[in-house]
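Each chain, written out:
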Amino acid sequence: MKRSFYVISGLLALAVLLILPAPEATAQQLRVAYFGETVTHYGLKVAYEHPLISRTITRNSARKEFLFTPGLAVYNHPDNHVGVIVSPELAYQRSGRRGGVFEVSLSNSYFRYFLAGQTFEVDETGGFRRVRMAGRGAYLPTVSVGFGQDLSIRKNRSLAWYARLNLMQQRPYNASTLMRFGIECGIRKPLKNK
Amino acid sequence: MKTLYPYLLFLVAVSLFSCEKDDATTTDRTLYLRHKGADMPIWVRGNRTANKLVLFLHGGPGDCAMCYRHYLKGLENDIAVAYWDQRIAGSSSGKVDVKTLTYEQFGEDAYYVVKLLKEQYPNTRIYLVAHSFGVELAWQFLTTNDNQKLVSGLIAVNGTFSTYRWLVQMREWVLREARQQKNTEIEKYVEAHPITAENLGTYEWPELYKRMLDLNGNPVSIYDDKKFVLNYLFASPNTALAQFSHPKAYTEYGETTIRGYDRSAFLKNIQIPVALFWGKKDGVVPIEIGQETRDLLTKTAPSFVTFEQSYHEPFMTETDRFVSEVLKFVR
């Protein structure tokens, strides 16, 4: 039942991307970021930003946007696991007059991890069977809060930096769930110059 | 996306194999045992030249092994140490049914861990260093079938062989300390709540445990050790928040399973060398349990090492001496 819910919601999110054209084609951006639990659990995230709804407030020139941001993150937790996260993310982003950016997002992510060691499974005879690329899949509902700076506004560079904290819940994990956190720091680059 | 695959596979492959080191003198390996839904890590570190390996059985249940490497690392200069995270403990993962949290299952897991280590490290003598719940697990393992023949010795650190005897001795400790500290409230509570074999199934042992802690039965916390915390967060392979997800899985264990644990009738069958290491000031598992254990081990001659300044975790409070006593035992 839960699995069906995630599959359907993932497909719906994908449909949103395919059906709705971007309000401004030039506003599509690519994100490249450091991603990891800490500096010692390091990784890389790449995401594509596709605006769904964009509105600029005339009074203070602030721009409010709802974005669909599918992304892929890979990180290494040494001697523990290598994690791969596929995140179809929906984000709300506000860019201020001076270029300050604030965003919150939700994602129904899928998490696949590979155990960082030789894995032996007990077989029916009580011996061991080597399991190659052992690991498991899990769902990873995620809430993210971040901030950043759009450098195109004051420095005339078509680039932005951002940082954010991801709170993720891995389910299942053993007999229940596991809270994970991830820090993400990177740049946003428009796919076409504005 | 397709162009990303080679890079992704490269990163996975590099991560999985880059840090593994295993030769005739040193080992630095990460193994996983997959059994009944659990993926349990076994980190093996240290010196192989002596062909001796200590398997650390952590406490809890639900605690972690590798997190205590901070205190046990000194052993690795002379011997190898295997840090095993039990099911629903430490960094173990998978999809595990809480019904498997039984002594029989923990004992079976231990059997396969030892068997796997013997296969991976042939001609190596394996010793158990068990702490707290790990001692219960060790007695379960050693007194099942001929399992004791698989290992060369046991060091039992502040752990019991019987829940009933543990509660009897902890109650005695609480009563004694309450009187010494003139805490009449606790004294009256303990006097009003005797423990017998008949009321073991319903005895509110967490209430007794709480009062033991109130009387400073174990004031030492690993989280007060800043170096430990930094190491745990940044330099160990532990899953940072996993420790907070485990306790709720042990509700049934704490309410029912623990009450039925008693291996006292089987300790007389133990023939391998045993050492009993005890923090003298411990209120969690008082030293009298160590003395009872020694009296039950009639077919071996256990040595008794007392750590005068320690509570429940002597390897934290008297680290250097603990390491040297372990090395003395395995030599």
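Now for a look at the structure at hand. (Residues numbered from 1 in each chain as written. Chains lettered and ligands numbered in written order. Predicted model: local features only at pLDDT ≥ 70, side-chain atom pairs only at ≥ 80, totals over all residues. Heavy atoms only, no water.)

Residues and elements named next belong to chain A. Cis geometry marks the peptide bond from R171 to P172, where omega comes out at 5°. Relative to the elements of secondary structure, P172 occurs in strand β9 (residues 160–173). With a phi close to 55°, N156 is a non-glycine residue in the positive phi region. Turning to its location among the elements, N156 is positioned in the loop between α2 (151–154) and β9. With a relative accessible area of 71%, N156 lands in the exposed category. (Helix = DSSP H or I, 4+ residues; strand = E, 2+ residues; numbered from the N terminus. Buried < 20%, exposed > 50% of the residue type's maximum accessible area, 1.4 Å probe, protein only.)

Residues and elements named next belong to chain B. Considering all chains together, one arrives at 28 aromatic pairs over all chains under this definition. Between the aromatic rings of W205 and Y209, the centroid separation amounts to 6.3 Å while the plane-to-plane angle is 85°, which identifies the pairing as edge-to-face. Note that W205 and Y209 are positioned in helix α7 (residues 205–214) at a spacing of four residues, about one turn of the helix. With a relative accessible area of 16%, W205 lands in the buried category. The interplanar angle of 90° and the centroid separation of 6.0 Å between the aromatic rings of Y250 and Y253 together place this pair among those described as edge-to-face. Assessed through its relative accessible area of 9%, Y250 is described here as buried. Y253 gets classed as buried once you look at its relative accessible area, which sits at 6%. (Phe/Tyr/Trp six-rings, centres within 6.5 Å; stacked < 30°, edge-to-face > 60°.)

Keep in mind these numbers describe shape, not what the thing actually does.
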